[in-house]
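The primary structure of each chain is shown beneath.
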Amino acid sequence: MPVEPTPRRRRLGAELRRIREALGWTQEKAAKRLGYRSFSTVSKIEKGVQGLKIQQLPHFFEVYGITDDALREELRNLVRRAGEADWWQRYEGVVDDPLGDYLSLVESASSLFVFNPVAIHGLLQTPEYVKAVTKGSRAWKTPDATDRFVAMRQEHQTNMLEREPELKIWAVLPEGLLRQEVGGRAVMRAQIEHLIGIANTNPSITIQVLPFRAGAHAGMDGPFMLMSFPTGRDLVCIESMRALLHLNEPETVEVYRTTSDLLKGDALSQKASVPLLTTIAKDLA
């Protein structure tokens, strides 16, 4: 039966597609091995528009050769929770796809590498910086919509920074981004001081500053996020105001992994970044 393609169903479908492709099977071959009359059934499952029951998973495990216990449990969990309402559904009209997909991915990720020369990543923002970025984007037309979006962002940040197991975050921040007076000098100084506090006290978060003197660097192509998961393939997210691109082909992910490594090498170490952050905060006084 057709079902709503919730983020968890799409995630389940993406994992099953990844496993099928790793086997070198077409959808037609997978359908035949699974006992389906048409490849369209496999296609619908992979798109998240046809549901699976927990009782069907052992057959998939056997046919696809899924023996890893952690991966099996992740797939079971996705099936069990496929139709559950997510916390962000309380923010109807503010959180729509692809943002819902993004929130679901971050919740299931084990680590993030983030590079964005336009804005500090949302999980590292102060409430005042969040408000300034949201208002500056002009994406929300009414004060109520703006306030609800800011509230959603803050709830997401709290959930992710307080979760167990900890979400590991590695951020490379261009110096120019840190000197952009988002929300005014006082707001930006408080944001920089917040980053200093994180760098000094949170071992699960690494912050590196990419100084002006680095010149041309590996991130010149634009912002991206490299997401890793406890099981399954790493994923690259490229987001804009109204779109989110997911890239999970191994060759493409490897290009971005290399880019992240180069950016880490171009940037100051976290130890050396803190004095520069302190200088920037003083300049904003």
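Residues numbered from 1 in each chain as written. Predicted model: local features only at pLDDT ≥ 70, side-chain atom pairs only at ≥ 80, totals over all residues. Heavy atoms only, no water.

1. Considerations on the overall build of the protein
Then comes step 1: On a plain count of helices and strands, the protein comes out with 12 helices and 6 strands.
Then comes step 2: Dimensions of the protein, computed from C-alpha atoms along their principal axes, come out at roughly 70 × 45 × 30 Å.
Then comes step 3: Partitioning the contacts of the protein with sequence separation of at least 6, the portion at a separation of at least 24 is 73%.
Then comes step 4: Entry remark: accessible area of the protein is about 14500 Å², with carbon and sulfur atoms responsible for 53%.
Then comes step 5: Once the 37 positive and 36 negative side-chain charges of the protein are each reduced to a mean point, those two points are 2 Å apart. (Helix = DSSP H or I, 4+ residues; strand = E, 2+ residues; numbered from the N terminus. Contact = heavy atoms within 4.5 Å. Areas by Shrake-Rupley, 256 points an atom, 1.4 Å probe, with all protein chains shown as cover. Lys, Arg positive; Asp, Glu negative; His and termini not counted. Charge placed at Lys NZ, Arg CZ, Asp CG, Glu CD.)

2. Remarks on the packing of aromatic side chains
Then comes step 1: Per the stated rule, a full pass over the model turns up 5 aromatic pairs.
Then comes step 2: Their ring planes at 35° and their centres at 5.8 Å tell us that Phe113 and Phe224 sit as a pair that is tilted. Placement of the pair is Phe113 in strand β1 (residues 111–115) and Phe224 in strand β4 (residues 224–228), with a sequence separation of 111 residues. As far as burial versus exposure is concerned, Phe113 and Phe224 are alike and both buried.
Then comes step 3: An aromatic cluster is built from Phe113, Phe115, Phe224 and Tyr256, whose rings are joined through pairwise contacts. (Phe/Tyr/Trp six-rings, centres within 6.5 Å; stacked < 30°, edge-to-face > 60°. Buried < 20%, exposed > 50% of the residue type's maximum accessible area, 1.4 Å probe, protein only.)

3. Things to note about helix α1 (residues 7–23)
Then comes step 1: Between the first and last C-alpha of α1 there are 24 Å, a value that for 17 residues agrees with the 24 Å anticipated at 1.5 Å per step.
Then comes step 2: Among the 17 residues in α1, 12 count as buried, and that is most of the element.
Then comes step 3: Buried-residue contacts for α1 involve α2 (27–34), α3 (39–47), α4 (57–64), α5 (69–80) and α6 (99–108).
Then comes step 4: Just beyond α1, the residue with positive phi is Gly24, at close to 80°. (Expected span 1.5 Å × (residues − 1).)

4. Thoughts on the pairing of β4
Then comes step 1: Burial of β4 is extensive: 5 of the 5 residues sit out of reach of the surface.
Then comes step 2: Neither face of β4 is exposed, since Phe224, Leu226 and Ser228 on one face and Met225 and Met227 on the opposite face are all buried.
Then comes step 3: Here 5 bridges tie β1 to β4, and the two strands are oriented antiparallel to one another. Following the sheet pairing, Phe115 is matched in β4 by Phe224.
Then comes step 4: Of the strand pairs in this sheet, β4 and strand β5 (residues 235–239) are connected by 3 bridges, and their pairing is antiparallel. By the bridge assignment for β5, Met225 is matched with Cys237. (Pairing = 2+ DSSP bridges.)

5. What to know about empty space enclosed by the protein
Then comes step 1: Under the defined criterion, the tally for this structure stands at 1 cavity of 30 Å³ or more.
Then comes step 2: The volume enclosed by the largest cavity comes to roughly 40 Å³.
Then comes step 3: Looking at the largest cavity, the residues that line it are Val114, Phe115, Asn116, Ala119, His121, Val172 and Leu173.
Then comes step 4: In terms of residue class, the lining of the largest cavity is built from 5 nonpolar, 2 polar and no charged. (1 Å grid on protein atoms, 1.4 Å probe; cavity = no way out; pocket = protein on both sides within 12 Å on 5 of 7 lines; lining within 4 Å. Points joined across faces, edges and corners; volume = space filled by probe spheres on them. Nonpolar A, V, L, I, M, F, W, Y, C, P; charged D, E, K, R; others polar.)

6. Description of the nonpolar core
Then comes step 1: With 49 residues, the main nonpolar core has Leu112, Leu178, Ile192, Leu195 and Met227 as its most contacted residues.
Then comes step 2: It is helix α10 (residues 185–201) that provides the largest number of residues to this core, a total of 6 residues.
Then comes step 3: By size, the runner-up hydrophobic cluster in this structure holds 20 residues, among which are Ala30, Ala31, Ile45 and Leu78. (Core = buried A, V, L, I, M, F, W, Y, C linked by side-chain atoms within 4.5 Å.)

7. Regarding the packing of α2 against α4
Then comes step 1: Axis separation between α2 and α4 bottoms out at 10 Å; the angle between their running directions is 120°. Taken together, the axes of α2 and α4 lie oblique to each other. Crossing of α2 against α4: the hand is right-handed. Packed against α2, whose contacting residues are Ala30, Arg33 and Leu34, the element α4 presents His59, Phe60, Val63 and Tyr64 at the interface.
Then comes step 2: A class-by-class count of the residues in the contact of α2 with α4 yields 5 nonpolar, 1 polar and 1 charged. (Axes fitted to C-alpha atoms, helices over the stretch in contact; angles between N-to-C directions. Parallel < 35°, antiparallel > 145°, perpendicular 65-115°, else oblique. Left-handed = near helix turned anticlockwise from the far one by under 90°.)

8. A few points about the pairing of strand β3 (residues 205–210)
Then comes step 1: Within β3, 5 of the 6 residues are buried, leaving the element largely enclosed by the surrounding structure.
Then comes step 2: Across 6 bridges, strand β2 (residues 168–174) lies against β3 in parallel orientation. Residue pairing for β3: Pro174 is matched across the bridge by Leu210.

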